[in-house]
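Here is how the chains run, residue by residue.
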Amino acid sequence: MTAINSAQPDTRDPLLALAVGEVLGVLALVIRTEGPSYRSVGASMVFADDGNRIGSLSSGCIESDLALHAEQTRADSTPRRILYGRGSPYVDIQLPCGGGLEILLLPQPQPSELSLIAKVVTDRQPIDLSIAMDSGRISQDQLSQTGIAGDNFTLHLTPPLRFVVFGKGPEATTFTRLVQSLGYHGALISPDAETLGIPPVQGWDMHEIRSSICPEYVSLDDRTAVLFFFHDHEWEAPILSELLDQQTFYVGCQGSLQASETRRAELSQLGVAAENIEKIRGPIGLIPSVRDSSVLAVSVLAEILALP
């Protein structure tokens, strides 16, 4: 039996960590819920072959028992459907929410199947998957809705949110450290060597700039949030003028209302279209007039994650 390691919580996306080869193991997916549920349909978890667990499917109610079923799945390479809560044969395992939760356990997917899932990372495009619940076979489909469809479970995947942070000083580094700690990938771009001196994290690029330009090698798409944490706001307008015509999930700038109005005027003078200027959020964050970098980081991230 695989030993369960007691390590710090792993913040990686379980399905994507499996898909890109960071771990090997049994994949667990929530395929059905009834009533209140801690996680939604499509949520994933990996019981890695090295004993680690990535992700969670409850508030701790089922993971230990589910690990035993995962061991059986690993041993005989056979998918399993496990029901907890309402209608479950495991009456000694109660869900505090009072609902029902059905889990599909899949043995280690084949490389060709993992490459399909990895497309959502490498191509940064949504993908629809169909999983045969009896055989565990994973194939690409055109369903775009997550749930049970006959003998299959369909899964709609969107590219993970990523962050591009421009800036200098504690606000830029604190926000970057926060999103890094939560497993997000991205880039930190700064004219300041000290800002770029935070410890390296896998999935993050550090770029030094010497002028107010948006580097060509910075990748932006509609699942990328772009943040500006500058006190010397003259850096902002020239960079913004180069990226505002691209599809981004969020563009936000630190600063006061006055700084925001000045920024808008500068962009207008640079010939940026009014509809593009309207994309910029500022002041940023859910909490007004924040002066502490840690509170600002949480406030801004909450604002971003609250968007549809």
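One can find the structure itself at the top, above this paragraph.
Now for a description of the structure that goes with this document. (Residues numbered from 1 in each chain as written. Predicted model: local features only at pLDDT ≥ 70, side-chain atom pairs only at ≥ 80, totals over all residues. Heavy atoms only, no water.)

Turning to a nonpolar patch on the surface, a few remarks are in order. A contiguous nonpolar patch, built from Leu 286, Ile 287 and Val 295 and spanning about 260 Å² of accessible area, is present on the exposed surface. Within the secondary structure, Val 295 sits in helix H8 (residues 293–305). (Patch = residues over 30% accessible without salt bridge, like charges linked within 9 Å, V, L, I, M, F, W, Y side chains within 5 Å. Areas by Shrake-Rupley, 256 points an atom, 1.4 Å probe, with all protein chains shown as cover. Salt bridge = Lys/Arg side-chain N within 4 Å of Asp/Glu carboxyl O. Helix = DSSP H or I, 4+ residues; strand = E, 2+ residues; numbered from the N terminus.)

Within the secondary structure, Arg 291 sits in the loop between strand E15 (280–281) and H8. Since its relative accessible area comes to 81%, Arg 291 is described here as exposed. (Buried < 20%, exposed > 50% of the residue type's maximum accessible area, 1.4 Å probe, protein only.)

Among the structural elements, Glu 303 can be located in helix H8. No salt bridge is formed by the buried Glu 303, whose closest oppositely charged neighbour, Arg 281, lies at an N-O distance of 4.8 Å. A polar atom in the side chain of Glu 303 sits 3.3 Å from the backbone nitrogen of Gly 285. Residues in contact with Glu 303, not counting those within four places in the same chain, are Tyr 250, Arg 281, Ile 284, Gly 285 and Leu 286. (Lys, Arg positive; Asp, Glu negative; His and termini not counted. Polar contact = N/O pair within 3.5 Å; in protein donor to acceptor, adjacent residues only side chain to side chain. Contact = heavy atoms within 4.5 Å.)

Attention now moves to helix H2 (residues 63–76). A rise of 1.5 Å per residue sets the reference length of H2, with its 14 residues, at 20 Å; its end C-alpha atoms lie 20 Å apart and thus fit the reference within 8%. Among the residues making up H2, those that are buried are Glu 63, Asp 65, Leu 66, Ala 67, His 69, Ala 70, Glu 71 and Thr 73. Looking at the packing, one finds that the buried side of H2 touches strand E1 (25–34), strand E2 (44–48), strand E3 (53–54), strand E4 (80–85) and strand E5 (100–106). Of the residues flanking the end of H2, it is Ser 77, one or two places downstream, whose phi is positive at about 55°. (Expected span 1.5 Å × (residues − 1).)

Right, let's get into unusual backbone geometry. In the segment running from Gly 282 into Pro 283, the intervening peptide bond is cis, with an omega of -5°. For Pro 283, the location among the structural elements is in the loop between E15 and H8. Its identity is not glycine, yet Ser 77 carries a phi of approximately 55°, on the positive side. Assignment of secondary structure puts Ser 77 in the loop between H2 and E4. One non-glycine residue, Ser 289, lies in the positive phi region at around 55°. Looking at where Ser 289 falls in the secondary structure, it is placed in the loop between E15 and H8.

Now for the pattern of salt bridges. Scanning the entire structure with this criterion turns up ten salt bridges. As a salt-bridge pair, Arg 124 and Asp 221 come within 2.8 Å of each other at their nearest N and O atoms. Of the two residues, Arg 124 is situated in the loop between helix H3 (111–122) and strand E6 (127–132) and Asp 221 in the loop between strand E12 (204–208) and strand E13 (224–229); the sequence distance between them amounts to 97 residues. Overall, the relative accessible area of 16% leaves Arg 124 in the buried class. One network of salt bridges, in which partners are shared, links Arg 32, Glu 34, Arg 81 and Glu 102.

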